[in-house]
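Topology and contacts: notes
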Amino acid sequence: MLKEKVALITGSTSGIGLATAHVLAQQGINLVLHGLVSATEGQALANDFIAQYGINAIFDDADLQDVASIERLITKAISTMGSVDILVNNAGIQHTQSAESFPLEKWNAIIAINLSAAFHAIQFALPAMKRQGWGRIINVASVHGLVGSVNKSAYCAAKHGLVGLTKVLALECAEQGITVNAICPGWVDTPLINDQISAIAKQQDSSFEQAKYQLVTAKQPLPEMMAPAQIGEFILFLCSDSAKSITGAALPMDGAWTAQ
Ligand code: NAD
């Protein structure tokens, strides 16, 4: 059912996005890979996917802070690949600092990349999805789309916003064969969180691994990081026919973080 559909995954040069690309490619889903790496590196990545899975894959390095670049990304994806059937709004950044001293340019970048880019991508991708009467939109939010944590004002604001956006789009697309969901992971082992681990290691004069364990267990009862591919498998399920009635949901995958 999913073979030969086209998935565009923002931020698929690293972490959760890259792992999701592998999970979807294993099912024969064609890919629009995307992220902030050089064109040469991105093309090499696309070539690897083509060789490894026998799928069609292209790469684009659109900066998601720029609306015109997002429009070009979606237009190129549809014209080159024929459609965007699955849109995974995954790219994101983090910066931790108290709200009182949070730098304005960090606030603007986090809101632009973690929230507004998803809105723009959906807006540009939706007309073609509606015409074909089938689509899957998955927004990679966070447990911080459901609860707050100190020093994460911009990230929490963006992720809560992404959850709200998800609900509205699900309502607007309910009769169009398009589902719209948000996944809300706890700690996932990716480069995004390395700065937070390093800060703890420095502060406590502990090893990176000790600091990592401390970070995970501070709020997440399940005392281990998730592997990025686990999020990819969840995304694959949401793309399946079995998940066609799941829409408008903010789905925690958080080791009981929000059960408390
Ligand atoms: P990552 O740092 O490994 O990957 C981020 C990706 O986003 C990269 O491909 C990068 O090139 C891309 N990106 C960043 N800024 C961009 C920009 N301006 N334009 C275009 N692309 C840009 O991070 P990750 O942990 O895989 O994060 C993926 C998503 O998962 C993010 O939205 C993040 O908030 C969310 N998330 C992560 C965790 C975690 O613990 N790692 C937990 C919950 C949610």
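Now for a quick tour of the structure. Quick caveat, the model's predicted, so the values are computed rather than measured. (Residues numbered from 1 in each chain as written. Predicted model: local features only at pLDDT ≥ 70, side-chain atom pairs only at ≥ 80, totals over all residues. Heavy atoms only, no water.)

So, empty space enclosed by the protein
Note the cut-off: Cavities and pockets were defined on a 1 Å grid built over protein atoms only: a cavity is a set of grid points that admits a 1.4 Å probe from which the probe cannot escape, a pocket is an open set flanked by protein on both sides within 12 Å along at least five of seven lines, and lining residues are those with an atom within 4 Å of any such point. Grid points are joined across faces, edges and corners, and a volume is the space filled by probe spheres set on the points. Numbering of helices and strands runs from the N terminus; a helix is a DSSP stretch of H or I covering at least four residues, while a strand is a stretch of E covering at least two. For this scheme, ten residues count as nonpolar: Ala, Val, Leu, Ile, Met, Phe, Trp, Tyr, Cys and Pro. Four count as charged, namely Asp, Glu, Lys and Arg, and the remainder, Gly too, count as polar.
What the rule picks out here adds up to 1 cavity of 30 Å³ or more. The calculated volume of the largest cavity comes to roughly 80 Å³. If you trace the largest cavity, you find 14 residues lining it, with T10, N89, A91, I113 and A118 closest to the centre. Those elements giving two or more residues to the lining of the largest cavity turn out to be α4 (104-132) and α5 (153-173). With 5 residues, the single largest contributor to the lining of the largest cavity is α4. Classifying every residue of the lining of the largest cavity gives 9 nonpolar, 4 polar and 1 charged.

Brief notes about the nonpolar core
Applied cut-off: The nonpolar core is taken to be a set of buried Ala, Val, Leu, Ile, Met, Phe, Trp, Tyr and Cys residues, with the residues joined through side-chain atoms within 4.5 Å. Remark: exposure states derive from per-residue accessible area (1.4 Å probe, protein chains only) relative to the maximum for the residue type, with buried under 20%, exposed over 50%, and partly exposed in between. Note on contacts: a residue pair is in contact if any heavy atoms of the two residues lie within 4.5 Å.
If you look at the biggest cluster of nonpolar residues, it comprises 39 residues, and the most contacted ones within it are L8, V32, L87 and I137. Elements that contribute at least two residues to this core include exactly β1 (6-9), α3 (67-81), α4, α5 and β6 (178-185). Top contributing element to this core by residue count: α4, with 10 residues. If we ignore the near neighbours within four places in the chain, the residues touching I137 are L87, N89, I122, L126, M129, I178, T179, V180 and N181. One finds A7, I16, L24 and I231 within the second-largest nonpolar core, a separate group that totals 37 residues.

What about the pattern of salt bridges?
To keep it simple, the criterion reads: Basic side-chain nitrogens of Lys or Arg form a salt bridge, by our definition, when they fall within 4 Å of a carboxyl oxygen of Asp or Glu.
As enumerated under the stated definition, the model contains 2 salt bridges in all. Taking the shortest distance from any N to any O, the salt bridge between K76 and D60 comes out at 2.9 Å. Note that K76 is positioned in helix α3 and D60 in strand β3 (residues 57-60), a separation of 16 residues in sequence. Relative accessible area serves as the criterion here: at 31%, K76 is assigned to the partly exposed category. Judged by its relative accessible area of 12%, D60 falls in the buried class.

Details of the pairing of strand β7 (residues 250-253)
Which entries qualify depends on this criterion: For two strands to pair, DSSP has to find at least two bridges joining them.
Only one face of β7 is buried: it carries L251 and M253, and the other face, with A250 and P252, is open. Of the strand pairs in this sheet, β6 and β7 are connected by 4 bridges, and their pairing is parallel. Counterpart to P185 in the pairing with β7 is M253.

What to know about the site of the ligand
What counts here: Note on terminology: near, applied to a residue and a molecule or strand, indicates that one of the residue's heavy atoms is within 4 Å of it. Two N or O atoms form a polar contact when they lie within 3.5 Å of each other; inside protein one atom must be a possible hydrogen donor and the other a possible acceptor, and for residues adjacent in sequence the pair counts only when both atoms belong to side chains. These domain limits were set by an automatic method or by a database of domain assignments.
Among the 30 residues in the neighbourhood of the ligand, the closest are listed as T13, S14, N90, Y155 and T190. I16 has a polar backbone atom sitting 2.8 Å from an oxygen atom of the ligand. Taking D63, its side chain carries an N or O atom lying 3.0 Å from a nitrogen atom of the ligand. Of all elements in the fold, only α1 (15-26) and α5 reach the threshold of two or more residues within the shell around the ligand. Among the residues making up the shell around the ligand, the classes are represented as 16 nonpolar, 12 polar and 2 charged. When residues of the shell around the ligand are assigned to domains, at least three fall in each of domain 1 (6-188 + 226-253) and domain 2 (190-225).

Side note on the packing of α1 against helix α8 (residues 228-239)
Pairs of packed helices are described in terms of their axes, by the angle between the two and the distance that separates them. Applicable threshold: Helix axes are fitted to C-alpha atoms over the stretch in contact, other axes to C-alpha atoms as well, and angles between N-to-C directions run from 0 to 180 degrees. Any angle that is under 35 degrees is reported as roughly parallel, and any over 145 degrees as roughly antiparallel; angles of 65 to 115 degrees are reported as roughly perpendicular and all others as oblique. Each crossing gets its hand from how the near helix is turned against the far one by less than a right angle, where anticlockwise is left-handed and clockwise is right-handed.
Across the interface, α1 lies against α8 with an axial gap of 8 Å and an inter-helix angle of 50°. With respect to α8, the element α1 is oriented oblique. For the pair α1 and α8, the crossing hand works out as right-handed. Residues G15, I16, A19, T20, V23 and L24 of α1 form the contact with α8, whose own contacting residues are P228, A229, I231, G232, E233, I235 and L236. The class makeup of the residues in the contact of α1 with α8 is 9 nonpolar, 3 polar and 1 charged.

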